[in-house]
Amino acid sequence: MTDSQTSKRTRISLLLNDSMVGQTLRVCGWVRTFRNDRFLAVNDGSTLQNLQLVVDKESTDAEVLKQLHTGAAIEAVGELVESQGGGQATELKVSTLTVLGGADPEEFPIQMKRHSLDFLREKAHLRFRTNTFGAVFRVRHALQYAVHTFFHERGFYQLHTPIITGSDAEGAGEMFRVTTMDLDNPPRTEDGAVDVSQDFFGKESNLTVSGQLEAELGAMALGQVYTFGPTFRAENSNTSRHLAEFWMIEPEIAFADLKDDMALAEDCLKYVLGYALEHCAEDLAFLEKRELDAEKQLPQADRHDHPLRARLQAVVDAPFTHLTYTEAIDLLRNSKPYKKKKFKFPVEWGVDLQSEHERWLVEKHVGGPVIVTDYPAGIKAFYMRANDDGKTVAAMDVLVPGIGEIIGGSQREERLDVLKQKCADFNIPEDHVWWYLETRKFGSAPHCGFGMGFERLVMYVTGMTNIRDVIPFPRTPLSAEF
Ligand code: 4AD
Ligand code: MG
């Protein structure tokens, strides 16, 4: 045994094949099971797989043996040997075993049985220790890496847009206020109103709902940029697809129109799905099986037609279907659920599509991703470019099965006079967005972009059905524990 071999910890992902057999190694991890007083299954987070440690009862301290319960943190030194059992290629013949931190089996909540996701949400500080959450968060990491790689390889620059902002980019007014004022005793003006000029920034400020407006400013010089940051929305919708704090990827490209925008969105989705299929095969295989098991409880009609990886591969392989909003409305009004009055929300030109409509389009009608374009101006944000018909804007939403909207984007209004009129129509004071308007005054150019909800992407790739299970610590109405 040499110091260099054992002073460094070897991650379990590196020693599951037999290339390191014969070496003496140090591994650390958390106990999953201990059976027959001999076989210790240890996981260190580097892979879904556990390493089997073979413990010699005779030569191991009785105090150590007593503490080998599920959840305990251990450190072991031993020789890596070819495994005698069938379950794994290699195992570690332990020579020294130390318990770094015990886990009282009476109290440790994560036992080796299947726990419900609801239960694990209450134990979010410990749920990383399960196979499911280990897999989800490794895939989440791979996806963010793939996103950065995709944009970097295409010559985009990442722009860090502000988290604290004075503007409401989406105009939905669902913002979290940021203030250092004493809420019990705020400074007041002579007429009794709260005096925001005395607040930290000298004006009302909020957490951002989108980095888009600032990304547009960057794109108007750097050509193509993207943001990847946290966004905050105080919408009181307690659904399985909404968070109050979520991460969004927002590319913005100059000298480009809606067609370019759709192509970029499709390429981006295909690239990151392909990356996950290639680099997360083990975790996706596990999540696929998990989904199949979970769906056994469901009626046939509610189950997926194809397993997870086959569904993702199909998205990578086929071109996305394009529909205009007007076509989508026609299809919906001719659909069975519409005629049988199964939809809860109205289907009428001018009214926004609800998740039930989006899901019918992608799941029942098309059976794959759909890009819906050219929405009525009245239901979309002020910055979207007006189409020549005077009724619709150059918007596009990418809808996918199981999720609904995963991407929302548009060509931006680059004509100063039209944009000013839009501000007036949407009651946005020009002096609030004077800097945004100036990019239309100085060297304005056609440009476009989109926002991809990162957690919706992680849901899509992992097959998890609740957005709370793909972000480490979800923020939802009445819930900000941990
Ligand atoms: O459609 P949205 O609101 O678009 C924008 O914010 C634009 N500024 C984007 C742009 O053009 N640069 O949001 C974009 C995406 C949605 O398609 C959805 O995937 C996700 O962000 N999203 C949410 N994800 C989780 N929780 C929420 N509350 C979300 N709201 C939107
Ligand atoms: Mg949207």
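Residues numbered from 1 in each chain as written. Chains lettered and ligands numbered in written order. Predicted model: local features only at pLDDT ≥ 70, side-chain atom pairs only at ≥ 80, totals over all residues. Heavy atoms only, no water.

Colleague: What should I look at first to understand the nonpolar core in this one?
Modeller: One recurring pattern in soluble globular proteins: nonpolar side chains tend to sit buried together. Among the nonpolar cores identified, the biggest contains 66 residues, and Leu284, Val398 and Leu457 are the most heavily contacted of them. In this structure Leu284 touches Val139, Ala276, Leu277, Leu308, Arg309, Leu312 and Val461, once residues within four positions along its chain are discounted. In this structure, Leu323, Tyr375, Val393 and Tyr436 belong to the second largest nonpolar core, which totals 30 residues. (Core = buried A, V, L, I, M, F, W, Y, C linked by side-chain atoms within 4.5 Å. Buried < 20%, exposed > 50% of the residue type's maximum accessible area, 1.4 Å probe, protein only. Contact = heavy atoms within 4.5 Å.)

Colleague: Can you walk me through the pairing of strand β1 (residues 24-35) in this structure?
Modeller: Residues in a regular strand point their side chains to alternate faces of the sheet. The pairing of β1 with strand β4 (residues 73-82) spans seven bridges and is classified as antiparallel. Bridge assignment links Thr24 to a residue of β4, and that residue is Glu79. Taken together, the five bridges between β1 and strand β2 (residues 39-43) define a ladder with antiparallel strand orientation. Counted as the bridge partner of Thr33 is Ala41 from β2. (Pairing = 2+ DSSP bridges. Helix = DSSP H or I, 4+ residues; strand = E, 2+ residues; numbered from the N terminus.)

Colleague: How do you make sense of the packing of helix α7 (residues 281-295) against helix α8 (residues 308-317) when you look at a structure like this?
Modeller: Two quantities define a packed helix pair, namely the angle between the axes and the distance from one axis to the other. Between α7 and α8, whose axes approach to 8 Å, the crossing angle comes to 120°. The segment α7 lies against α8, with Ala281, Leu284, Ala285, Leu287, Glu288 and Glu291 engaging Leu308, Arg309, Arg311 and Leu312. Residues belonging to the contact of α7 with α8 are distributed by class as follows: six nonpolar, no polar and four charged. (Axes fitted to C-alpha atoms, helices over the stretch in contact; angles between N-to-C directions. Nonpolar A, V, L, I, M, F, W, Y, C, P; charged D, E, K, R; others polar.)

Colleague: Any chance you could explain the site of ligand 1 here in plain terms?
Modeller: Close to ligand 1 lie 24 residues; Glu170, Gln212, Glu235, Glu250 and Glu405 are nearest. Within the side chain of Ser210, a nitrogen or oxygen atom sits 3.0 Å from a nitrogen atom of ligand 1. Take Arg233: an N or O atom from its side chain is 2.8 Å from an oxygen atom of ligand 1. Considering ligand 1 on its own, with 630 Å² of exposed area, one finds that the protein chains cover 93% of that surface. For the shell around ligand 1, the elements supplying multiple residues, two or more each, are β11 (245-254), β15 (404-411) and β16 (447-453). It is β15 that provides the largest number of residues to the shell around ligand 1, a total of five residues. Of the residues that constitute the shell around ligand 1, the class distribution is eight nonpolar, eight polar and eight charged. (Near = heavy atom within 4 Å. Polar contact = N/O pair within 3.5 Å; in protein donor to acceptor, adjacent residues only side chain to side chain. Areas by Shrake-Rupley, 256 points an atom, 1.4 Å probe, with all protein chains shown as cover.)

Colleague: Explanation requested: the packing of helix α12 (residues 416-425) against helix α13 (residues 434-441) in the structure shown.
Modeller: Between α12 and α13, the shortest axis-to-axis distance is 9 Å and the interhelical angle comes to 155°. Classified by the angle between their axes, α12 and α13 sit roughly antiparallel to one another. In this structure, α12 contributes Leu416, Leu419, Lys420 and Cys423 to the contact, and α13 contributes Tyr436, Leu437, Arg440 and Lys441. Of the residues belonging to the contact of α12 with α13, the class tally is five nonpolar, no polar and three charged. (Parallel < 35°, antiparallel > 145°, perpendicular 65-115°, else oblique.)

Colleague: Would you mind showing me how to read α8 here?
Modeller: Helical periodicity: at 3.6 residues per turn, an α-helix aligns residues three or four positions apart in one direction. Within the span of α8, buried status applies to Leu308, Leu312 and Val315. Down the axis of α8, the sector holding all buried residues measures 55°, keeping them to one side. In this structure, the buried residues of α8 make contact with α6 (258-279), α7 and α14 (454-462). (Arc of directions from axis to C-beta.)

Colleague: It is not clear to me how the sheet that holds strand β3 (residues 51-54) should be interpreted in this structure. Could you clarify?
Modeller: Whether parallel or antiparallel, the strands of a sheet pair through hydrogen bonds between backbone atoms. Pairing is mixed in the closed barrel, where five strands are placed in the order β1-β2-β3-β5-β4. With strand direction ignored, the average angle separating the axes of adjacent strands in the sheet is 55°.

Colleague: When you look at the sheet that holds strand β14 (residues 392-400) in this model, what are you seeing that I'm missing?
Modeller: Strand order in this open sheet of eight strands is β6-β10-β11-β16-β15-β14-β13-β12, and the pairing throughout is mixed. Single-partner strands in this sheet number two, and they are β6 (157-158) and β12 (321-324). As paired elements, β12 and strand β13 (residues 370-376) share four bridges and run parallel to each other. If you follow Thr321 over to β13, its bridge partner there is Val370.

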